[in-house]
Amino acid sequence: MTPLRDILAEMSGAAPDEAALVEKAYEFSKKAHASHTRYSGEPYFIHPAAVAKVLAEYGMDAATIAAGLLHDTVEDGLASREEIEKEFGSDVLFLVDGVTKLGRHKYRGAERHAESLRRLLVATASDIRVLIVKLADRYHNMTTLEHVPAHKRRRIALETLEIFAPIADRLGMGKMKRDLEDLAFPYVDPDAYTHAAQVRKLKTKETEDGLAKVQKTLQKDFAKKGLTEFRTEIRMKGLWSLHQKLKRKDDDITRIHDIAALRIILPKIEDCYAALGAVHALYKPLPGEFKDYIAFPKPNGYQSLHTTVVTPDAGIVEIQIRSEDMHRRAQFGIASHMSYKQLGKNAPRSSFAGLSFAWVRSLIPSLMKVSKPAAGAGGAVSPSPAWLSELADAHSSIAGSEEFVEGLKEDFFSHRVFLFTPKGDVVDLPAQSTPIDFAYAIHSDIGNHLQGAKVNGKLVSFDTALHNGDVVDIMTRDSAHPSPKWLEECRTSLARKHIRAALGMAEPEKQRKSVFRKRTKRERK
Ligand code: MN
């Protein structure tokens, strides 16, 4: 059983009243669950205590940790909502309520998939902390899935793989995503799991000594170049992610170069590029394999330099270079932006309450304008993610490149809407997107033969703006083709690109209009 002191130990930056809130919730939950046991026969309280510990590790605030401790009390009829509010306040009740609501929806195949996902997202839109509690809850339940009756295991594992892991990924919580995937994998496809585990083991044996040598060589070489402050680690690919890649590469292990990767973690961004230079001077990089996710972060905020090099000691090796900051964010994602471990003791606590999914979706462009951390403030960090401020800086240095700024906003930062196919797959598009964007987001062929669209069962015109949670059913016909008008009706550059190609329009913008005019005239005749 997780002792209270283990949870408190993770809350190093917390104020006394915050520790007191967690302590009170701990005792309350322990008492409430006293007569309950888990499937394993162990005391039920093991579960909320473990969930709270995970939340504390992720650096969540006291209200969220308290909600983790209390998350099953209302659901299981052990405490009333009024009691929770009276004892712990409305913030904690709000979070407990959110988690309880999410818990009511179970994944039962395609149709339920859409329903539960939609509810997840709607609930989340009000406060991201609800979802983080739910992820921690699911994580702990997955570690004890073997005790759950066999007929339930597969459903729970599938739900974890198809709903919770992708959400963790979207929130940039790489560690959570990988843990959830690898815990679920053996229950979903035992044979594939065994195969992936064997492949990884084989590869580990093969490359272990070689990678250790590469590590040593790099250490010596870096020291010579004055790069002394860094650490390296070997990261093995997660089994589910390896399985996906094996499928993509026709099970050809020789085509996968990142089963084992060498990670180099340095203090600052400049060090990362210096290290990259040193690595490329030492080993020949494979052309086309270098990715600068520092300058161009993934949409979920992930940053690193990835390069694949040929080494005499370990063959082809992927090397990932990142700063300590990026490393922490790659693991904890959005949670790290809320963490007082990062914000420091003197950071305004009020910043927690305002953090929500809505913040991720819509506030980011405005944050970019105001949230530059004070230079040389001695570790004081602005409550907004540092990578945002860095991007804001990047913008000012490429002044004049309006298109770039607009592109960034459009692709990463503008409002997003989450839409569903009739089968329950999620499609994530910029707000104001239309059925045309939706069709092209699924596949260019679908877009190019788009004939009609239904939203929530009703036929709509192609210029209809889609809303969060809409179920979009695209109808195609072989004889249907893009019309120039679509260029005015779509919102994504992907759709525009395909439409132009299908219409045989090489030049963007200016020519677009003239062609459009010509065609419509011809059509009128
Ligand atoms: Mn639970």
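Being a predicted model, the structure only gives us computed values, none of them experimental.

## Concerning unusual backbone geometry
Here comes step 1: The residue Asp250 is not glycine, and still its phi comes out positive at about 50 degrees.
Here comes step 2: Locating Asp250 in the fold gives a position in the loop between α12 (239-248) and β2 (260-266).
Here comes step 3: Residue Asp250 is classed as exposed on the basis of its relative accessible area of 62%.
Here comes step 4: Non-glycine residue Asp251 carries a positive phi angle of around 60 degrees.
Here comes step 5: Relative to the elements of secondary structure, Asp251 occurs in the loop between α12 and β2.

## A look at the packing of helix α21 (residues 435-442) against helix α24 (residues 493-502)
Here comes step 1: One way to put it is that α21 packs onto α24 with a least axis distance of 9 Å and a crossing angle of 80 degrees. For the element pair α21 / α24, the angle class is roughly perpendicular. Along the contact surface, α21 presents Ile436, Asp437, Tyr440 and Ala441, while α24 presents Leu494, Ala495, His498 and Ile499.
Here comes step 2: Residues belonging to the contact of α21 with α24 are distributed by class as follows: six nonpolar, one polar and one charged.

## Structural notes on helix α2 (residues 16-32)
Here comes step 1: With 17 residues, α2 extends 24 Å between its outermost C-alpha atoms, agreeing within 8% with the 24 Å of an ideal straight helix rising 1.5 Å per residue.
Here comes step 2: Structurally, α2 contributes buried residues whose contacts are with α1 (4-10), α3 (46-57), α4 (62-70) and α5 (81-88).

## Points about the packing of α3 against α4
Here comes step 1: Running from N to C, α3 and α4 cross one another at 160 degrees; their axes reach a closest spacing of 7 Å. The angle between the axes of α3 and α4 places the two elements in the roughly antiparallel class. Crossing angle aside, the handedness with which α3 passes α4 is right-handed. Together, Pro48, Ala49, Val51, Ala52, Leu55 and Ala56 of α3 and Thr64, Ile65, Gly68 and Leu69 of α4 make up the contact between the two elements.
Here comes step 2: Partitioned by chemical class, the residues of the contact of α3 with α4 number eight nonpolar, two polar and no charged.

Calculation criteria
Residues numbered from 1 in each chain as written. Predicted model: local features only at pLDDT ≥ 70, side-chain atom pairs only at ≥ 80, totals over all residues. Heavy atoms only, no water. Helix = DSSP H or I, 4+ residues; strand = E, 2+ residues; numbered from the N terminus. Buried < 20%, exposed > 50% of the residue type's maximum accessible area, 1.4 Å probe, protein only. Axes fitted to C-alpha atoms, helices over the stretch in contact; angles between N-to-C directions. Parallel < 35°, antiparallel > 145°, perpendicular 65-115°, else oblique. Contact = heavy atoms within 4.5 Å. Nonpolar A, V, L, I, M, F, W, Y, C, P; charged D, E, K, R; others polar. Expected span 1.5 Å × (residues − 1). Left-handed = near helix turned anticlockwise from the far one by under 90°.

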